[in-house]
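Overview (structure and organization)
Listed below, chain by chain, are the residues.
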Amino acid sequence: MNKNTKLLLTALLAMILFSACQQKKGMPSASEHGDTLAAEAPESASEQQSATFSTVTKGRIESEREIPVYSRISEQIVMFAAEKAGQYVKKGQVVVRLSSVAMQEKILHSRAKLEKAEFQYQAILMGQGYKRDHLDEAPDNIKRLARINSGYNETKAELHELEHSLSYCTITAPISGYVSKICNTLYGAAQAGEPLFYIVDMDHLKVCFNVLENELARYENGASLSFTTVSFPTERHQATVSAVSPVIDENGMAYIEATVSPHPHLAPGMTAFITVTAP
(Lines give C-alpha, C1' and ligand atoms only; values in the text may rest on other atoms or scores of the structure.)
Protein backbone atom coordinates (compact mmCIF):
# COMPACT_ATOMS: atom_id res chain seq x y z
CA MET A 1 0.00 0.00 0.00
CA ASN A 2 1.56 3.26 -1.03
CA LYS A 3 1.70 6.45 0.93
CA ASN A 4 -1.15 8.20 -0.91
CA THR A 5 -3.52 5.36 -0.29
CA LYS A 6 -2.82 5.41 3.45
CA LEU A 7 -3.47 9.15 3.64
CA LEU A 8 -6.74 8.75 1.77
CA LEU A 9 -7.96 6.00 4.09
CA THR A 10 -6.96 8.01 7.17
CA ALA A 11 -8.90 11.07 5.97
CA LEU A 12 -11.95 8.98 5.16
CA LEU A 13 -11.91 7.35 8.59
CA ALA A 14 -11.66 10.75 10.29
CA MET A 15 -14.64 12.04 8.37
CA ILE A 16 -16.77 9.01 9.38
CA LEU A 17 -15.86 9.42 13.07
CA PHE A 18 -16.61 13.17 12.98
CA SER A 19 -20.01 12.59 11.38
CA ALA A 20 -20.93 9.97 13.97
CA CYS A 21 -20.02 12.30 16.83
CA GLN A 22 -22.14 15.09 15.40
CA GLN A 23 -25.20 12.83 15.04
CA LYS A 24 -24.79 11.57 18.58
CA LYS A 25 -24.72 15.10 19.97
CA GLY A 26 -27.80 16.28 18.00
CA MET A 27 -30.16 13.34 18.63
CA PRO A 28 -31.84 12.82 22.00
CA SER A 29 -31.47 9.53 23.72
CA ALA A 30 -34.26 6.99 23.84
CA SER A 31 -34.89 7.67 27.55
CA GLU A 32 -35.03 11.42 26.98
CA HIS A 33 -37.52 10.97 24.15
CA GLY A 34 -39.72 8.73 26.26
CA ASP A 35 -39.81 11.18 29.22
CA THR A 36 -40.89 14.03 26.97
CA LEU A 37 -43.83 12.08 25.58
CA ALA A 38 -44.84 11.01 29.02
CA ALA A 39 -44.81 14.59 30.21
CA GLU A 40 -46.53 15.98 27.15
CA ALA A 41 -49.33 13.40 26.98
CA PRO A 42 -50.98 14.27 30.33
CA GLU A 43 -50.65 17.98 29.57
CA SER A 44 -52.49 17.51 26.29
CA ALA A 45 -55.25 15.51 27.98
CA SER A 46 -55.59 18.13 30.71
CA GLU A 47 -55.90 20.90 28.16
CA GLN A 48 -58.58 18.96 26.32
CA GLN A 49 -60.51 18.27 29.55
CA SER A 50 -60.36 21.90 30.70
CA ALA A 51 -61.65 23.09 27.35
CA THR A 52 -65.09 21.51 27.89
CA PHE A 53 -66.77 19.38 30.56
CA SER A 54 -70.18 17.75 30.29
CA THR A 55 -71.92 15.38 32.67
CA VAL A 56 -75.42 13.92 33.07
CA THR A 57 -77.08 13.55 36.47
CA LYS A 58 -80.37 11.91 37.34
CA GLY A 59 -82.89 14.01 39.30
CA ARG A 60 -86.56 14.53 40.01
CA ILE A 61 -89.03 17.31 39.21
CA GLU A 62 -90.93 18.68 42.20
CA SER A 63 -93.33 21.52 42.91
CA GLU A 64 -92.06 24.50 44.89
CA ARG A 65 -95.10 24.15 47.13
CA GLU A 66 -97.97 21.76 47.79
CA ILE A 67 -100.63 23.56 49.83
CA PRO A 68 -103.03 21.68 52.13
CA VAL A 69 -106.67 22.87 52.21
CA TYR A 70 -107.87 22.86 55.83
CA SER A 71 -111.15 23.28 57.63
CA ARG A 72 -111.12 25.60 60.63
CA ILE A 73 -114.21 24.05 62.19
CA SER A 74 -115.56 20.55 62.62
CA GLU A 75 -118.70 20.17 60.51
CA GLN A 76 -120.20 17.90 57.87
CA ILE A 77 -119.17 18.48 54.26
CA VAL A 78 -122.17 19.35 52.08
CA MET A 79 -120.26 20.37 48.92
CA PHE A 80 -116.88 18.97 47.84
CA ALA A 81 -115.46 20.24 44.54
CA ALA A 82 -112.24 18.20 44.70
CA GLU A 83 -113.70 15.14 43.00
CA LYS A 84 -110.51 13.61 41.61
CA ALA A 85 -106.76 14.03 41.65
CA GLY A 86 -105.43 16.12 38.81
CA GLN A 87 -108.45 18.42 38.76
CA TYR A 88 -107.54 22.07 38.21
CA VAL A 89 -108.84 24.71 40.63
CA LYS A 90 -108.39 28.48 40.58
CA LYS A 91 -107.36 30.67 43.50
CA GLY A 92 -110.49 31.94 45.30
CA GLN A 93 -112.74 29.23 43.85
CA VAL A 94 -115.19 27.70 46.36
CA VAL A 95 -114.01 24.11 46.78
CA VAL A 96 -115.77 23.01 50.00
CA ARG A 97 -118.96 24.00 51.83
CA LEU A 98 -119.69 22.85 55.36
CA SER A 99 -123.08 22.53 57.00
CA SER A 100 -124.04 25.82 58.68
CA VAL A 101 -127.17 24.56 60.50
CA ALA A 102 -125.48 24.16 63.89
CA MET A 103 -123.69 27.47 63.52
CA GLN A 104 -126.92 29.29 62.66
CA GLU A 105 -128.56 27.86 65.77
CA LYS A 106 -125.67 29.06 67.92
CA ILE A 107 -125.96 32.53 66.41
CA LEU A 108 -129.71 32.70 67.16
CA HIS A 109 -129.08 31.62 70.75
CA SER A 110 -126.30 34.17 71.13
CA ARG A 111 -128.53 36.97 69.81
CA ALA A 112 -131.17 36.08 72.40
CA LYS A 113 -128.51 36.22 75.13
CA LEU A 114 -127.40 39.62 73.86
CA GLU A 115 -130.97 40.98 74.07
CA LYS A 116 -131.20 39.74 77.66
CA ALA A 117 -127.86 41.32 78.54
CA GLU A 118 -128.93 44.60 76.95
CA PHE A 119 -132.11 44.60 79.10
CA GLN A 120 -129.97 43.98 82.21
CA TYR A 121 -127.71 46.86 81.19
CA GLN A 122 -130.66 49.26 80.94
CA ALA A 123 -132.08 48.00 84.24
CA ILE A 124 -128.83 48.75 86.05
CA LEU A 125 -128.72 52.32 84.73
CA MET A 126 -132.40 52.93 85.56
CA GLY A 127 -131.75 51.55 89.04
CA GLN A 128 -129.23 54.38 89.47
CA GLY A 129 -131.86 57.02 88.63
CA TYR A 130 -131.44 57.45 84.90
CA LYS A 131 -134.63 57.49 82.81
CA ARG A 132 -135.10 54.92 80.06
CA ASP A 133 -135.16 57.54 77.31
CA HIS A 134 -132.06 59.31 78.63
CA LEU A 135 -129.64 56.47 79.42
CA ASP A 136 -127.02 58.01 77.15
CA GLU A 137 -126.75 60.91 79.60
CA ALA A 138 -125.05 58.65 82.13
CA PRO A 139 -121.26 59.13 82.50
CA ASP A 140 -119.04 56.79 80.50
CA ASN A 141 -117.60 55.06 83.58
CA ILE A 142 -121.09 54.32 84.88
CA LYS A 143 -122.17 52.86 81.51
CA ARG A 144 -118.99 50.77 81.30
CA LEU A 145 -119.58 49.22 84.73
CA ALA A 146 -123.21 48.55 83.80
CA ARG A 147 -122.16 46.72 80.62
CA ILE A 148 -119.67 44.60 82.58
CA ASN A 149 -122.13 43.71 85.35
CA SER A 150 -124.87 42.83 82.86
CA GLY A 151 -122.59 40.61 80.74
CA TYR A 152 -123.37 42.75 77.70
CA ASN A 153 -119.74 43.05 76.50
CA GLU A 154 -119.04 39.33 76.82
CA THR A 155 -122.24 38.29 75.03
CA LYS A 156 -121.67 40.76 72.20
CA ALA A 157 -118.11 39.44 71.67
CA GLU A 158 -119.46 35.87 71.59
CA LEU A 159 -122.02 36.78 68.91
CA HIS A 160 -119.36 38.53 66.82
CA GLU A 161 -117.12 35.44 67.00
CA LEU A 162 -119.95 33.12 65.93
CA GLU A 163 -120.91 35.34 63.00
CA HIS A 164 -117.27 35.38 61.89
CA SER A 165 -117.02 31.59 62.27
CA LEU A 166 -119.99 31.25 59.94
CA SER A 167 -117.67 32.30 57.10
CA TYR A 168 -115.55 29.20 57.82
CA CYS A 169 -118.33 27.08 56.35
CA THR A 170 -117.22 28.26 52.92
CA ILE A 171 -113.69 27.19 51.96
CA THR A 172 -111.91 28.61 48.92
CA ALA A 173 -108.75 27.50 47.10
CA PRO A 174 -105.70 29.36 48.49
CA ILE A 175 -103.76 29.03 45.20
CA SER A 176 -104.31 27.92 41.63
CA GLY A 177 -103.15 24.41 40.87
CA TYR A 178 -104.04 20.74 40.61
CA VAL A 179 -105.80 18.67 43.26
CA SER A 180 -103.77 15.88 44.87
CA LYS A 181 -103.93 13.65 47.97
CA ILE A 182 -107.68 13.83 48.57
CA CYS A 183 -108.23 13.08 52.28
CA ASN A 184 -112.02 13.48 52.62
CA THR A 185 -115.22 13.23 50.61
CA LEU A 186 -118.73 14.62 50.18
CA TYR A 187 -120.85 14.25 53.36
CA GLY A 188 -117.76 13.30 55.29
CA ALA A 189 -116.90 14.90 58.63
CA ALA A 190 -114.37 17.69 58.36
CA GLN A 191 -112.16 18.03 61.41
CA ALA A 192 -110.62 21.33 62.43
CA GLY A 193 -106.93 21.45 61.49
CA GLU A 194 -106.98 18.31 59.32
CA PRO A 195 -106.33 18.67 55.55
CA LEU A 196 -109.22 17.92 53.20
CA PHE A 197 -106.95 17.68 50.16
CA TYR A 198 -103.82 19.27 48.71
CA ILE A 199 -103.22 21.64 45.79
CA VAL A 200 -100.01 21.32 43.78
CA ASP A 201 -98.65 24.59 42.41
CA MET A 202 -97.75 23.82 38.77
CA ASP A 203 -96.56 27.36 38.03
CA HIS A 204 -93.50 27.01 40.28
CA LEU A 205 -91.51 23.85 39.57
CA LYS A 206 -87.96 22.81 40.43
CA VAL A 207 -85.63 19.95 39.55
CA CYS A 208 -83.81 18.34 42.47
CA PHE A 209 -80.70 16.18 42.31
CA ASN A 210 -77.49 15.21 44.12
CA VAL A 211 -73.91 15.68 42.94
CA LEU A 212 -70.55 14.50 44.20
CA GLU A 213 -68.62 16.84 46.45
CA ASN A 214 -65.81 17.25 43.89
CA GLU A 215 -68.33 18.48 41.28
CA LEU A 216 -69.99 21.05 43.57
CA ALA A 217 -68.02 24.00 42.14
CA ARG A 218 -69.86 23.62 38.80
CA TYR A 219 -73.27 24.23 40.44
CA GLU A 220 -73.13 27.75 41.84
CA ASN A 221 -76.33 29.75 42.33
CA GLY A 222 -77.47 31.12 38.99
CA ALA A 223 -75.72 28.44 36.92
CA SER A 224 -77.66 27.33 33.83
CA LEU A 225 -78.58 23.68 33.33
CA SER A 226 -80.59 21.74 30.80
CA PHE A 227 -82.54 18.52 31.25
CA THR A 228 -84.76 16.00 29.53
CA THR A 229 -87.48 13.70 30.86
CA VAL A 230 -88.30 10.05 30.37
CA SER A 231 -91.75 10.87 29.04
CA PHE A 232 -90.51 13.37 26.43
CA PRO A 233 -86.84 12.55 25.78
CA THR A 234 -86.58 14.75 22.67
CA GLU A 235 -87.61 17.91 24.56
CA ARG A 236 -84.85 19.82 26.33
CA HIS A 237 -85.76 22.26 29.10
CA GLN A 238 -83.72 24.92 30.83
CA ALA A 239 -83.21 25.34 34.58
CA THR A 240 -81.32 27.74 36.84
CA VAL A 241 -79.62 26.65 40.07
CA SER A 242 -81.48 28.32 42.94
CA ALA A 243 -80.34 26.44 46.05
CA VAL A 244 -77.23 24.50 47.03
CA SER A 245 -77.16 22.60 50.29
CA PRO A 246 -74.27 23.68 52.54
CA VAL A 247 -74.09 20.18 54.00
CA ILE A 248 -72.39 17.16 52.42
CA ASP A 249 -74.06 13.88 53.39
CA GLU A 250 -72.33 10.72 54.56
CA ASN A 251 -72.03 9.52 50.96
CA GLY A 252 -70.14 12.63 49.87
CA MET A 253 -73.14 14.04 47.98
CA ALA A 254 -74.56 17.58 47.90
CA TYR A 255 -78.24 18.41 47.31
CA ILE A 256 -79.05 20.88 44.49
CA GLU A 257 -82.28 22.60 43.43
CA ALA A 258 -82.85 24.44 40.14
CA THR A 259 -85.95 26.43 39.19
CA VAL A 260 -87.83 25.43 36.05
CA SER A 261 -90.22 27.38 33.85
CA PRO A 262 -93.72 25.82 33.72
CA HIS A 263 -94.45 23.59 30.73
CA PRO A 264 -97.45 21.37 29.84
CA HIS A 265 -95.17 18.32 29.63
CA LEU A 266 -93.58 18.83 33.06
CA ALA A 267 -95.14 17.52 36.25
CA PRO A 268 -93.97 16.78 39.80
CA GLY A 269 -92.54 13.30 40.21
CA MET A 270 -91.04 13.05 36.71
CA THR A 271 -87.50 11.73 36.34
CA ALA A 272 -85.12 14.28 34.86
CA PHE A 273 -81.69 13.82 33.31
CA ILE A 274 -79.75 16.99 34.02
CA THR A 275 -76.84 18.06 31.83
CA VAL A 276 -74.29 20.66 32.83
CA THR A 277 -71.60 21.88 30.47
CA ALA A 278 -68.79 23.96 31.93
CA PRO A 279 -65.69 25.52 30.32
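Residues numbered from 1 in each chain as written. Predicted model: local features only at pLDDT ≥ 70, side-chain atom pairs only at ≥ 80, totals over all residues. Heavy atoms only, no water.

The next subject is helix 5 (residues 152-165). The terminal C-alpha atoms of helix 5, which comprises 14 residues, lie 20 Å apart, in line with the 20 Å expected from a rise of 1.5 Å per residue. Taken together, the buried positions of helix 5 are occupied by Tyr152, Thr155, Leu159, Leu162 and Ser165. Mapping the buried residues of helix 5 onto a view down its axis gives an arc of 160°, with all of them on the same face. In helix 5, the exposed positions angled more than 90 degrees off the buried face are occupied by Glu154, His160 and Glu161. Where the residues of helix 5 are buried, they touch helix 3 (101-127) and helix 4 (140-150). (Helix = DSSP H or I, 4+ residues; strand = E, 2+ residues; numbered from the N terminus. Expected span 1.5 Å × (residues − 1). Buried < 20%, exposed > 50% of the residue type's maximum accessible area, 1.4 Å probe, protein only. Arc of directions from axis to C-beta. Contact = heavy atoms within 4.5 Å.)

Val95, Val96, Leu98, Leu196 and Phe197 are the most contacted members of the largest nonpolar core, which has 26 residues in total. Those elements that provide at least two residues to this core are strand 3 (75-80), strand 5 (94-98), helix 3, helix 5 and strand 9 (195-200). Here this core takes four residues from helix 3, the largest share from any one element. With 20 residues, the next largest nonpolar core counts Leu225, Val241, Ala272 and Val276 among its residues. (Core = buried A, V, L, I, M, F, W, Y, C linked by side-chain atoms within 4.5 Å.)

Turning to the packing of aromatic side chains, a few remarks are in order. Note on aromatic pairs: each is described by the distance of the centres and the angle between the planes. Taken as a whole and judged by the stated rule, the model has four aromatic pairs. Considering the side-chain rings of Phe80 and Phe197, the 5.8 Å spacing of their centres and the 90° angle between planes classify their relative orientation as edge-to-face. Taken together, the residues Phe80 in strand 3 and Phe197 in strand 9 connect sequence positions 117 residues apart. Note on accessibility: Phe80 and Phe197 belong to one class, buried. In this structure, Lys181 packs its charged tip against the face of Tyr198, placed 5.3 Å from the ring centre. (Phe/Tyr/Trp six-rings, centres within 6.5 Å; stacked < 30°, edge-to-face > 60°. Lys NZ or Arg CZ within 6 Å of the ring centre and 35° of its normal.)

Moving on to the sheet that holds strand 2 (residues 66-70). On the basis of which strands lie adjacent, the open sheet formed by four strands has the order 2-9-7-4 and antiparallel pairing. A strand with exactly one partner marks an edge of an open sheet, and here the two such strands are strand 2 and strand 4 (88-89). Judged from the three bridges that link them, strand 7 (residues 177-180) and strand 9 form a sheet pairing that is antiparallel. Bridge pairing in strand 9 places Val179 opposite Ile199. (Pairing = 2+ DSSP bridges.)

Before going further, it helps to spend a moment on the sheet that holds strand 3. Across the sheet, four strands lie side by side as 6-5-3-8; this open sheet has antiparallel pairing. One side of each edge strand has no neighbouring strand; the edge strands of this open sheet are strand 6 (170-172) and strand 8 (189-190). Bridge count between strand 3 and strand 8: two bridges; the pairing is antiparallel. If you follow Gln76 over to strand 8, its bridge partner there is Ala189.

Our focus in this paragraph is the pairing of strand 11 (residues 224-229). Of all six residues that make up strand 11, five are buried, and the element is covered over most of its length. Here strand 11 runs beside strand 12 (residues 237-248); their pairing, made up of four bridges, is antiparallel. If you follow Phe227 over to strand 12, its bridge partner there is His237.

Let us look at the environment of Glu66. Among the structural elements, Glu66 can be located in strand 2. Separated by 134 residues in sequence, Glu66 and Val200 have C-alpha atoms that sit 4.5 Å apart. If sequence neighbours within four positions are ignored, Glu66 has contacts with Ser180, Lys181, Tyr198, Ile199 and Val200. Here Ser180 takes part through its side chain, which lies 2.9 Å from a polar atom of the side chain of Glu66. (Polar contact = N/O pair within 3.5 Å; in protein donor to acceptor, adjacent residues only side chain to side chain.)

Positive phi outside glycine occurs at Lys181, with the angle close to 50°. Tracing the sequence through the fold places Lys181 in the loop between strand 7 and strand 8. Even without being glycine, Tyr187 reaches a positive phi, approximately 70°. One can find Tyr187 in the loop between strand 7 and strand 8.

Turning our eyes to something else, we now look at the packing of helix 3 against helix 4. Two numbers describe a pair of packed helices, the interaxial angle and the distance between the axes. Direction vectors running N to C along helix 3 and helix 4 enclose 135°, while the axes themselves pass 8 Å from each other. Here helix 4 runs oblique to helix 3, going by the angle between their axes. Pair helix 3 / helix 4 crosses with right-handed handedness. For the pair helix 3 and helix 4, the contacting residues are Ala117, Gln120, Tyr121, Ile124 and Leu125 in the first and Ile142, Lys143, Ala146, Arg147, Asn149 and Ser150 in the second. (Axes fitted to C-alpha atoms, helices over the stretch in contact; angles between N-to-C directions. Parallel < 35°, antiparallel > 145°, perpendicular 65-115°, else oblique. Left-handed = near helix turned anticlockwise from the far one by under 90°.)

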